[in-house]
There are 2 protein chains.
Amino acid sequence: MAKTKRQIHLGLFLQGAGHHVAGWRHPDAESGSENLDLLQRLAATAERAKFDLLFLADGLTSGSDAHPSMVARFEPLTLLSALAMSTTRLGLAATASTTYGEPFHIARVFASLDHLSRGRAGWNVVTTSYARTAANFGARHPEHDERYAIAEEFVDVVKGLWDSWDDDAFPKDKAAGVYADADKLNILDHKGKYFSVKGPLNASRPPQGHPVIIQAGSSGPGQDLAARNADIVFTAQQSIEEAQSFYKSQKERVAAHGRDVDSLAIMPGFLPVIGDTFAEARDKLALLDGWTDPTNAMPLLVERLGHDLSGYDLDGPLPELPVSDQLQSRAKLLTDLAKRENLTIRQLALRVAAGRGHHIILGTPVEIADRMQLWFEERAADGFNVMPPYFPGGLDDFCSKVVPILQERGLFRTEYEGTTLRDHLGITRTADRRGVA
Amino acid sequence: MAKTKRQIHLGLFLQGAGHHVAGWRHPDAESGSENLDLLQRLAATAERAKFDLLFLADGLTSGSDAHPSMVARFEPLTLLSALAMSTTRLGLAATASTTYGEPFHIARVFASLDHLSRGRAGWNVVTTSYARTAANFGARHPEHDERYAIAEEFVDVVKGLWDSWDDDAFPKDKAAGVYADADKLNILDHKGKYFSVKGPLNASRPPQGHPVIIQAGSSGPGQDLAARNADIVFTAQQSIEEAQSFYKSQKERVAAHGRDVDSLAIMPGFLPVIGDTFAEARDKLALLDGWTDPTNAMPLLVERLGHDLSGYDLDGPLPELPVSDQLQSRAKLLTDLAKRENLTIRQLALRVAAGRGHHIILGTPVEIADRMQLWFEERAADGFNVMPPYFPGGLDDFCSKVVPILQERGLFRTEYEGTTLRDHLGITRTADRRGVA
Ligand SMILES: Cc1cc2nc3c(=O)[nH]c(=O)nc-3n(C[C@H](O)[C@H](O)[C@H](O)COP(=O)(O)O)c2cc1C
Ligand SMILES: Cc1cc2nc3c(=O)[nH]c(=O)nc-3n(C[C@H](O)[C@H](O)[C@H](O)COP(=O)(O)O)c2cc1C
């Protein structure tokens with residue numbers, strides 16, 4: 001593919017009941033996480049706006065104190081398979097954990113989604129932060145760095161399974177009676193520290209070779225996992241300086257692995273609150289914050305800090321906390337934020353309730369486009385994982401008001417050039433075992 | 001629901017490359033297992049013919065000697081989610097193993113499919129016969145009866161997880177700010193011999209209460225699992241006498257559990273080879289048998305017997321074999337068949353290549369309808385899992401020629417009366433924990 005002008009990549013981070021914890025209470029909001037009709041309309045909106053992909057987060061726990069978008073929701077792979085039928089270009093990425101799954105199952109479902117969507121699948125590799133997840137699997141929650149060691153081996157096995165059959169392994173020659181060609185079969189026979197997987201996979205090679213790999217942990221081990229394997233990195237960054245320093249660190253690790261730094265797109269979460277004036281945007285966020293139930297906000301904060309806060313004064317400062325085993329980078333981001341802005345625990349909880357640590361931007365469409373351009377041009381980001389505070393209104397506003405500005409400035413595509421998610425990202429199809437791409 | 005006239009239930013047993021091992025070589029056959037466009041047309045055909053459901057088998061291994069429908073195929077849950085988008089009434093059932101999976105994941109994907117399809121999901125509970133599966137999961141293959149003990153506990157956990165939230169647990173009351181109602185949450189807290197699963201599930205209660213449960217093992221433990229849990233039993237039966245005796249045994253076990261015997265539908269596999277005359281049907285099967293590669297046929301036989309046959313004369317009789325740990329009922333069915341019809345090993349292998357032990361019926365549409373009526377009225381079956389030898393022709397013939405005869409005779413519906421798979425089966429929605437259905 002000829003090298004074209006660098007452009008912004010856009011993902012729609014889809015959470016049915018909205019990203020702001022009170023987003024579902026907005027008069028324009030439709031609920032939500034299990035409403036297929038709404039989700040189909042949102043996917044169509046993102047595709048009309050030429051987004052690179054739609055992204056589903058995931059978790060393996062629930063409870064009535066959970067974020068409304070997370071307490072009850074579709075399982076991501078089944079939902080994306082359904083959405084693959086009502087879209088034709090939009091990339092479709094889902095989160096799946098390497099701590100509570102089997103490489104054979106994961107390789108299979110993403111291969112299957114890639115076939116069903118004709119090359120639009122992406123896998124967001126996560127290690128599952130929350131220790132309480134273990135109770136749903138009769139398991140022990142491994143500690144932070146071990147979770148990443150498991151993830152490294154897990155991803156290797158999955159990639160190996162995707163290569164089980166060469167691209168032309170199924171001649172289906174009726175006359176000769178050859179359906180599968182035994183010479184084009186690669187037996188993985190993986191025997192490692194955490195997994196032992198023989199193969200082959202019972203799926204032909206995916207249309208993209210390998211579905212797109214996304215990584216969303218920002219600690220050192222998380223960045224290393226991404227440097228070796230990922231095509232996209234999702235991350236939460238509060239300020240442009242923090243984002244630039246993360247960007248630099250992550251790209252250096254990519255280069256150290258001998259990879260082209262442009263083959264990995266760094267996409268921070270971006271929560272846009274859009275008004276016709278700045279004041280209107282500010283009032284809109286204040287309205288949502290005013291609807292926030294503190295009993296919903298506190299568990300979100302506690303979870304992302306990885307530390308219990310009971311006993312502390314909500315209107316006092318955040319205490320000094322040791323490094324969390326659960327989420328190293330997110331916890332650090334929040335403690336840094338509280339210090340920098342002098343926030344009380346209650347104020348920090350509200351901030352987390354609004355954007356879970358992601359960058360919240362208030363303003364007019366032009367102000368929001370300006371901020372995106374700045375982050376993009378100053379190498380704080382290659383694109384953004386857009387997090388509308390409520391649906392469908394929050395996405396409609398972004399697509400009808402902000403996207404056209406980015407397009408006019410030549411910063412974002414006005415038409416898809418290819419059909420696969422790899423095409424949108426400007427990266428090539430993965431070659432099979434014989435090196436054929 | 002008022003008790004209506006007993007009618008035949010029909011399932012389409014969908015194997016993309018056909019059920020006959022050489023079906024894909026038929027001039028009218030389109031391949032096959034990873035051809036979404038073909039599978040969508042087949043689902044539409046079954047729905048136009050008012051089938052109760054479409055059924056996907058599954059396995060967790062592959063190899064170039066495998067059946068062409070099994071060597072490479074879509075993962076069932078992703079495929080059914082896609083097919084749910086192009087159908088509106090057809091039940092959608094998929095196989096998932098209790099030996100190589102986690103109850104939390106399985107509960108989730110079937111709940112999700114039930115939501116996406118608005119109440120049309122079914123789970124075929126299997127214990128995975130083939131020991132070589134273990135090598136893809138770094139596991140030990142448990143022995144036959146232990147696999148069923150695991151399955152019993154697995155199904156209990158899945159049903160418990162489906163009941164995590166009462167039916168009205170999500171008021172989503174914007175004014176009061178109540179998204180989830182904590183009083184309507186049921187924590188499972190299961191601690192058993194094989195599984196320890198806390199819950200709750202991160203999905204609201206499925207539209208059917210519980211998705212339909214199917215069971216497909218016919219040994220004693222298999223029948224017991226079905227008697228306690230299943231709404232449908234799939235089975236392989238060679239003769240009407242065998243089928244009647246299985247039917248009687250299975251229904252007695254249902255009654256012993258205090259259940260209405262009519263709440264469980266017994267559906268043997270049925271492979272129809274249709275001709276305008278009997279001779280034409282016979283020639284069609286001979287053509288397919290003639291295309292059968294013996295190297296493809298022998299592994300299928302060996303697998304279903306659970307015993308190696310190397311060293312035996314292919315043109316001699318089947319030797320006496322001890323009980324198989326892998327598939328007790330299927331192995332017995334095949335050894336009985338070989339004895340009854342005096343088949344050589346080669347002949348038996350061909351029979352397995354054609355229908356894998358299921359009943360093969362040759363004839364005109366009227367002859368096939370007669371046989372179905374006989375089995376149905378003589379209580380050998382409540383319905384049939386229809387296995388076209390090749391696609392799409394084999395299904396088109398059945399739907400355009402056999403189904404209308406069954407309808408004229410009042411043996412099969414001419415229109416759907418309800419919208420869910422439970423509606424088609426004439427069984428009620430499962431009540432939630434408070435007993436509300
Ligand atoms: C945009 C974004 C989305 C994420 N989505 C998920 C998710 O869906 N499920 C999950 O378990 N973790 C998710 N994470 C968390 C990370 O995968 C990771 O576990 C966490 O950030 C802690 O890793 P670290 O210590 O390397 O930062 C997400 C992170 C980001 C930045
Ligand atoms: C119609 C039918 C379909 C089946 N489909 C599957 C399947 O898809 N995957 C599988 O592992 N076993 C499948 N089985 C096998 C059974 O689940 C079971 O493992 C096998 O029959 C041995 O159990 P038994 O000893 O109780 O007979 C199927 C059986 C029947 C009758």
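Only a predicted model underlies this, so the values are computations on that prediction, with no experimental measurement involved.

Cut-offs used in this document
Residues numbered from 1 in each chain as written. Chains lettered and ligands numbered in written order. Predicted model: local features only at pLDDT ≥ 70, side-chain atom pairs only at ≥ 80, totals over all residues. Heavy atoms only, no water. Helix = DSSP H or I, 4+ residues; strand = E, 2+ residues; numbered from the N terminus. Rg over C-alpha atoms; globule rule 2.2 N^0.38 Å. Buried < 20%, exposed > 50% of the residue type's maximum accessible area, 1.4 Å probe, protein only. Contact = heavy atoms within 4.5 Å. Areas by Shrake-Rupley, 256 points an atom, 1.4 Å probe, with all protein chains shown as cover. Lys, Arg positive; Asp, Glu negative; His and termini not counted. Charge placed at Lys NZ, Arg CZ, Asp CG, Glu CD. Pairing = 2+ DSSP bridges. Right-handed = clockwise from strand over helix to strand, strands pointing away. Polar contact = N/O pair within 3.5 Å; in protein donor to acceptor, adjacent residues only side chain to side chain. Salt bridge = Lys/Arg side-chain N within 4 Å of Asp/Glu carboxyl O. Least-squares fit on C-alpha atoms with pLDDT ≥ 70 in both. Near = heavy atom within 4 Å. Nonpolar A, V, L, I, M, F, W, Y, C, P; charged D, E, K, R; others polar. UniProt positions renumbered as here; feature names shortened; annotations may be inferred. pLDDT = per-residue confidence, 0-100. Axes fitted to C-alpha atoms, helices over the stretch in contact; angles between N-to-C directions. Parallel < 35°, antiparallel > 145°, perpendicular 65-115°, else oblique. Left-handed = near helix turned anticlockwise from the far one by under 90°. Expected span 1.5 Å × (residues − 1). Bend = angle between axes of the 7 residues up to and from the residue. Buried area = accessible area lost by both parts, 1.4 Å probe.

With respect to the overall build of chain A
Moving on, step 1. In terms of regular secondary structure, chain A is built from 13 helices and 11 strands.
Moving on, step 2. Rg of the C-alpha trace for chain A: 22 Å, near the compact-globule value of 22 Å for 437 residues, within the 12% margin.
Moving on, step 3. Over its C-alpha atoms, taken along the principal directions, chain A stretches across nearly 75 × 50 × 40 Å.
Moving on, step 4. Burial statistics for chain A: of 437 residues in total, 63% are counted as buried.
Moving on, step 5. Partitioning the contacts of chain A with sequence separation of at least 6, the portion at a separation of at least 24 is 77%.
Moving on, step 6. Summing over all exposed atoms, chain A offers an accessible surface of approximately 15300 Å²; the carbon and sulfur share of this is 50%.
Moving on, step 7. Averaged over its 47 positive side-chain charges, chain A has a centre that lies 3 Å from the centre of its 57 negative ones.

Some thoughts on the pairing of strand β9 (residues 265-274) of chain B
Residue and element names in this part refer to chain B.
Moving on, step 1. Most of β9 sits out of view: 10 of its 10 residues are buried.
Moving on, step 2. By the bridge criterion, 4 bridges tie strand β8 (residues 232-235) to β9 in an arrangement that is parallel. Directly across from Phe 234, in β9, lies its bridge partner Met 267.
Moving on, step 3. Viewed along the sheet, the connection from β8 through helix α6 (residues 240-256) into β9 turns out right-handed.
Moving on, step 4. Judged from the 2 bridges that link them, β9 and strand β11 (residues 383-386) form a sheet pairing that is parallel. From the neighbouring strand, Phe 270 faces β11, where its bridge partner is Val 386.
Moving on, step 5. As judged from the 5 bridges shared by β9 and strand β10 (residues 359-363), these two strands associate in the parallel manner.

Some thoughts on the side chain of Asn 186 of chain A
All names here are of chain A.
Moving on, step 1. With respect to the element layout, Asn 186 can be found in the loop between α4 (144-162) and β5 (190-191).
Moving on, step 2. Here the side chain of Asn 186 touches Asp 163 through a polar contact of 2.9 Å, landing on its backbone oxygen.
Moving on, step 3. With residues near it in sequence (within four places) discarded, Asn 186 still touches Asp 163, Ser 164, Trp 165, Asp 166, Pro 200 and Arg 433.

What to know about the pattern of salt bridges
It is possible for side chains bearing opposite charge to pair when their charged atoms get close.
Residues and elements named next belong to chain B.
Moving on, step 1. Across all of its chains, the model carries 70 salt bridges over all chains by this definition.
Moving on, step 2. A salt bridge links Asp 37 to Arg 41, with the shortest nitrogen-to-oxygen separation between them at 3.0 Å. Placement of the pair is Asp 37 and Arg 41 together in helix α1 (residues 36-48), with a separation of 4 residues, close to one helical turn.
Moving on, step 3. A relative accessible area of 35% means that Arg 41 is categorised as partly exposed.
Moving on, step 4. Its salt-bridge partner being Arg 422, residue Asp 231 comes within 3.8 Å of it at the nearest N-O pair. In this pair, Asp 231 is assigned in the loop between α5 (220-229) and β8 and Arg 422 in helix α13 (residues 421-425), connecting sequence segments 191 residues apart.
Moving on, step 5. The exposure class of Asp 231 is buried, given its relative accessible area of 11%.

Side note on the relation of the copies chain B and chain A
Moving on, step 1. Expressed as a screw transformation, the operator carrying chain B onto chain A has a rotation angle of 180° and an axial translation of 0.0 Å, and the superposed copies differ by an RMSD of 0.0 Å. Here the copies are linked by what is in effect a two-fold axis.
Moving on, step 2. The residues that chain B uses at the interface reappear at the interface of chain A in 100% of cases, marking a shared surface.

A short note on the side chain of Arg 25 of chain A
Moving on, step 1. Locating Arg 25 of chain A in the fold gives a position in the loop between β1 (9-13) and α1 (36-48).
Moving on, step 2. Salt bridges are absent for the buried Arg 25 of chain A, whose nearest opposite-charge side chain, Asp 293 of chain A, sits at 6.7 Å.
Moving on, step 3. One polar contact links the side chain of Arg 25 of chain A to the main-chain carbonyl oxygen of Lys 174 of chain B, over a distance of 2.7 Å.
Moving on, step 4. Other than its neighbours up to four places away in sequence, Arg 25 of chain A contacts Trp 291 of chain A together with Lys 174, Ala 175, Ala 176 and Gly 177 of chain B.

Examining the site of ligand 1
Residues and elements named next belong to chain A.
Moving on, step 1. Around ligand 1 sit 23 residues in total, of which Asp 58, His 144, Tyr 148, Ser 219 and Ser 329 are the nearest.
Moving on, step 2. At 2.6 Å, a side-chain N or O of Tyr 148 approaches an oxygen atom of ligand 1.
Moving on, step 3. In the model, an oxygen atom of ligand 1 is placed 3.5 Å from a nitrogen or oxygen of the Ala 216 main chain.
Moving on, step 4. When contributions to the shell around ligand 1 are tallied by element, the ones reaching two or more residues are β4 (121-126), α4, β8 (232-235) and α9 (328-341).
Moving on, step 5. The leading source of residues in the shell around ligand 1 is α9, at 3 residues.
Moving on, step 6. Here the shell around ligand 1 is built from residues that sort into 7 nonpolar, 14 polar and 2 charged.

With respect to the UniProt feature "binding site: FMN" (unreviewed entry) in chain A
Moving on, step 1. Those residues carrying the UniProt feature "binding site: FMN" (unreviewed entry) are Asp 58, Thr 95, His 144, Tyr 148, Ser 218 and Ser 219 of chain A in this numbering.
Moving on, step 2. Tracing the backbone shows Asp 58 of chain A in the loop between β2 (53-56) and α2 (76-84).
Moving on, step 3. Asp 58 of chain A sits in the partly exposed class, given a relative accessible area of 22%.
Moving on, step 4. Asp 58 of chain A has contacts with Arg 73, Pro 76 and Thr 95 of chain A together with Arg 108 of chain B, leaving out every residue within four places of it along the chain.
Moving on, step 5. A distance of 2.8 Å separates a polar atom in the side chain of Asp 58 of chain A from a polar atom in the side chain of Arg 108 of chain B.
Moving on, step 6. Counting through the fold element by element, Ser 219 of chain A comes out in the loop between β7 (212-215) and α5 (220-229).

Some remarks on the site of ligand 2
Residue and element names in this part refer to chain B.
Moving on, step 1. Contacts to ligand 2 come from 22 residues, most closely from Asp 58, His 144, Tyr 148, Ser 219 and Ser 329.
Moving on, step 2. At 3.5 Å from an oxygen atom of ligand 2 is found a side-chain nitrogen or oxygen belonging to Thr 95.
Moving on, step 3. Across the complex, the protein chains shield 93% of the 620 Å² of accessible surface that ligand 2 would expose by itself.
Moving on, step 4. Every element with two or more residues in the shell around ligand 2 is listed here: β4 (121-126), α4 (144-162), β8 and α9 (328-341).

So, the confidence of the model for chain A
Moving on, step 1. Per-residue confidence for chain A gives a mean pLDDT of 95, with 98% of residues at or over 70.
Moving on, step 2. Across the interfaces of the predicted complex, the ipTM metric reaches 0.97, alongside a pTM of 0.97.

Quick notes on the packing of α4 of chain A against α5 of chain A
Residue and element names in this part refer to chain A.
Moving on, step 1. At their nearest, the axes of α4 and α5 sit 10 Å apart, and the two run at 10° to each other. Here α5 runs roughly parallel to α4, going by the angle between their axes. For the pair α4 and α5, the crossing hand works out as right-handed. Listed contacts from α5 to His 144, Asp 145, Tyr 148, Ala 151, Glu 152, Val 155, Asp 156 and Lys 159 of α4 are Pro 221, Gly 222, Asp 224, Leu 225, Arg 228 and Asn 229.
Moving on, step 2. Looking at the contact of α4 with α5 residue by residue, the classes come out as 5 nonpolar, 3 polar and 6 charged.

Thoughts on helix α12 (residues 393-408) of chain A
Residue and element names in this part refer to chain A.
Moving on, step 1. For α12, which comprises 16 residues, the first-to-last C-alpha distance of 23 Å matches the rise-based estimate of 22 Å (1.5 Å per residue) to within 8%.
Moving on, step 2. Where α12 bends most, the angle comes to about 30°, and this point is Val 402, followed within four residues by the proline Pro 404.
Moving on, step 3. Along α12, the positions that sit buried rather than exposed are Gly 393, Gly 394, Leu 395, Asp 397, Phe 398, Cys 399, Val 402, Val 403, Ile 405 and Leu 406.
Moving on, step 4. Contacts made by the buried residues of α12 are with β1, α1, β9 (265-274), α7 (278-290), α11 (365-377) and β11 (383-386).

What about unusual backbone geometry?
Moving on, step 1. Cis geometry marks the peptide bond from Ser 31 of chain A to Gly 32 of chain A, where omega comes out at -20°.
Moving on, step 2. Here the bond from Phe 391 of chain A into Pro 392 of chain A is cis, since omega is 0°, no more than 30 degrees from zero.
Moving on, step 3. If you trace the backbone, Pro 392 of chain A turns up in the loop between β11 and α12.
Moving on, step 4. Although it is not a glycine, Asn 342 of chain A sits at a positive phi angle of roughly 60°.
Moving on, step 5. Note on placement: Asn 342 of chain A falls in the loop between α9 and α10 (345-355).
Moving on, step 6. The backbone phi angle of Arg 118 of chain B is positive, close to 55°, even though this residue is not glycine.

Focus: the interface of chain B and chain A
Moving on, step 1. Chain B puts 69 residues into the contact, and the matching count from chain A is 69 residues.
Moving on, step 2. The largest share of the area that chain B buries against chain A comes from Trp 24, Lys 174 and Tyr 179 of chain B, three residues that together contribute 13% of it.
Moving on, step 3. Breaking the side of chain B that touches chain A down by element, the ones donating at least two residues are α1, α2 (76-84), α3 (103-116) and β6 (196-197) of chain B.
Moving on, step 4. Considering each element in turn, the side of chain B that touches chain A owes the most residues, 7 residues, to α3 of chain B.
Moving on, step 5. Its residues assigned to classes, the side of chain B that touches chain A shows 35 nonpolar, 22 polar and 12 charged.

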